[in-house]
Amino acid sequence: MHFARNTTILIFILSLSHALYSAPKYPFPQKATYKYGILPTTINHEKVQQAYDDFIARFYQESGDKARIKFDEPDNTVSEGIGYGMLIMVYMDNATNNTQGKFDKLWKYYNSFLNDNQLMHWKISGFSHVINHNAATDAEVDVAAALIQAYKQWGDDKYLNDARALVGKIYQHEVNGNGYLKPGDAWDDEKNPSYFSTAAMESFKNVGSQDWNRVITNSYNLLKQVRNSNTGLVPDWCSEWGSPSGGDRGHYKYDAARTPWRIAWDYVWHGRTDAKDICTKMASWIKTKTGGIASQVVDGYTLNGDPLGEWDNTTFVGPLGCAGMVDASHQAWLDNANTRMNTFAGRKETYYNSSLKVITMLLLSGNMPDFWNYTPAKPKFTLTTVSTPSNGGTVQVPTSAAQYDSGTTVTLSAQPSNGYRFLYWSGDATGTETSKTITMTKNMNITANFELYNATGSKRILPHTLSLFADKNTITWAIPRAGNVCIRIVDMVGRKIAQPVNAYITSGISSIKLSTPLKKGMYLVQMQSSSGKLTQQLFVER
């Protein structure tokens, strides 16, 4: 009895905790068609789910009301990982993934390790203490973007209020006096082009009155100034006046690799000309460099395009694939890169590669729309109509189409053939009216059922009911189960005139046309089957 009571309590607690969270307004997969740009020709949402499942299994960890994303040093967490995690959770929510609780626990973790500016310290040991102090701007930008989308996804004002407060802190502490995004709240010696999340900054206008247009414009100006004129590649780090930093920090490596994803994100949401220009140059170069084969991408290049790495991985393939989303001329490259990303879906990669794998696959697959400017496509359903018997009549559909949007009303009209009349609808429609209006809420199969009748309407041939009807030209019958059927026509003294049927017949309604019409006179039509016997008197008048 104690076990039963405790089990009941546990079930109640689990049910209550689940009820605390809102159903997502836009569940994964969203299958969005972005307002701008293109999508891969073939999209596999199951691969995105597979990449997400691997990410959660290996990097997401909870402790009480908090959760973290494990860094490459698994005992530690960096703030950018919280940003990636929150972006992923807001787009992956559905009845199976249930990510809102995970989102809230990541946000709780962020707020558990704040500095004096109320921004998260960038490196934390597990759930315990700060390792490296002060904030990294890319984390704040992603976290704020996730909060803004969360408000539309789950409809809770707390996300909007939290986003508004965080965006204000970003502008106050991580934008400098010249209107450039700083790399962190405590230093500004260099700039990191991959932090320039212009799509996110555009969304900040929804919650704040700061001058984000100035920051966006400066971001694009710096990107165009620092990029290589031939390849379009930008460095990991640069100066505010557009000079690449020295050494490895001046190459296109693991920081800069994020840039085409962030800029393509801005283009498909907002159609910004500068975004298309930057992505087009990168996409055009990488197509030529690799012959259009994404597996030939390597993990690092000099700005003039010389390879520095030797491996293709999701950090480089995914974002460069996203660059192809800005124009149809890059369709073949986009398709090849998307296919390559699908092969990576279940591959065990590092924290950084795995994070960018999920995020870039979300964008590539149409599962990263701007919920503030998004109307989901209505589901489409098919309508199949049949007539029973097949020669009994037709179903007319004035608005006939291969598929119908959910909620579309369709009027069906049953049109009996000569000698038949309509009985009723069956399948996904009911009723006896000849004109029937239905609302498409699923794939629908509808049958119009007809009956054969004589001039007085006294004879009825019903499906799966032993019945018989004959005239001078045609004999129609119905049997409830398959079996041998013998039909004979005799005159009134019992002499056989014809035996049109003597065969194995399937159940239901059947008919046969007499090869020689009957002459004037009185006849008996006799049917014998495994279901019983019937005799009909038939008078033929010439």
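Here, every reference points to the structure presented above.
These remarks concern the structure in this document. (Residues numbered from 1 in each chain as written. Predicted model: local features only at pLDDT ≥ 70, side-chain atom pairs only at ≥ 80, totals over all residues. Heavy atoms only, no water.)

### Describing the sheet that holds strand 12 (residues 435-439)
Definition in use: We treat two strands as partners when DSSP finds at least two bridges between them. The way it works is that DSSP assigns letters per residue, a run of H or I at least four long becomes a helix, a run of E at least two long becomes a strand, and they are numbered from the N terminus. To define axes, lines are fitted to C-alpha atoms, for helices over the stretch in contact only, and angles between the resulting N-to-C directions are given on a 0 to 180 degree scale.
The strand order 8-10-12 describes an open sheet built from three strands, whose pairing is antiparallel. One side of each edge strand has no neighbouring strand; the edge strands of this open sheet are strand 8 (393-396) and strand 12. Mean inter-strand twist for the sheet, computed between neighbouring axes without regard to direction, equals 25 degrees. As defined by bridge partners, strand 8 adjoins strand 10 (residues 409-416) across four bridges and the pair is classed as antiparallel. From the neighbouring strand, Q396 faces strand 10, where its bridge partner is S413.

### Topic: the packing of aromatic side chains
The relative placement of two aromatic rings is captured by the distance of their centres and the angle of their planes. Rules: Stacked, edge-to-face and tilted are the three classes for Phe, Tyr and Trp ring pairs, Trp counted by its six-membered ring, which pair at centre distances within 6.5 Å; planes under 30 degrees apart are stacked, over 60 edge-to-face, the rest tilted. Three exposure classes are used, based on accessible area relative to the maximum for each residue type with a 1.4 Å probe and protein chains only: buried under 20%, partly exposed in between, and exposed over 50%. Charge-over-ring contacts are defined here by two conditions on Lys NZ or Arg CZ: a distance within 6 Å of the ring centre and an angle within 35 degrees of the ring normal.
Under the counting rule described, the total for this entry stands at 27 aromatic pairs. For the ring pair Y351 and Y352, a centre distance of 6.4 Å and an interplane angle of 55 degrees mean the geometry is tilted. Using a relative accessible area of 1% as the deciding quantity, one classes Y351 as buried. Ring centres of F422 and W425 lie 5.1 Å apart, and the angle between their planes is 55 degrees; this geometry places the pair in the tilted category. In this structure W425 comes out as buried when scored by relative accessible area, which is 2%. Feature note: the residues F71, Y252, Y254, F316, Y351 and Y352 constitute an aromatic cluster, connected by ring pairs. K102 extends its terminal NZ or CZ atom over the ring of Y60, reaching a point 5.9 Å from the ring centre.

### Some remarks on the sheet that holds strand 3 (residues 76-78)
Strands in a sheet are paired, the pairing made by backbone hydrogen bonds, and the direction either parallel or antiparallel. A sheet is described by the order of its strands in space; here three strands give the open sequence 3-4-5, paired in antiparallel fashion. Pairing within the sheet leaves two strands with one partner each, and these edge strands are strand 3 and strand 5 (129-132). Across the sheet, the mean angle separating the axes of adjacent strands is 35 degrees when strand polarity is ignored. Where strand 3 meets strand 4 (residues 123-125), three bridges bridge the pair, whose relative direction is antiparallel. In the sheet register, N76 faces strand 4, and the bridge partner there is S125.

### So, the state of the cysteines
Linking two cysteines covalently via their sulfur atoms produces the bond known as a disulfide. The condition that has to hold: In this description, a disulfide is simply a cysteine sulfur pair whose atoms lie within 2.5 Å.
A complete count under the given rule lists zero disulfides for this structure. Of all cysteine sulfurs in the structure, the one in C279 sits closest to C322, which takes part in no disulfide; the separation is 8.4 Å. We classify C322 as buried; its relative accessible area is 0%.

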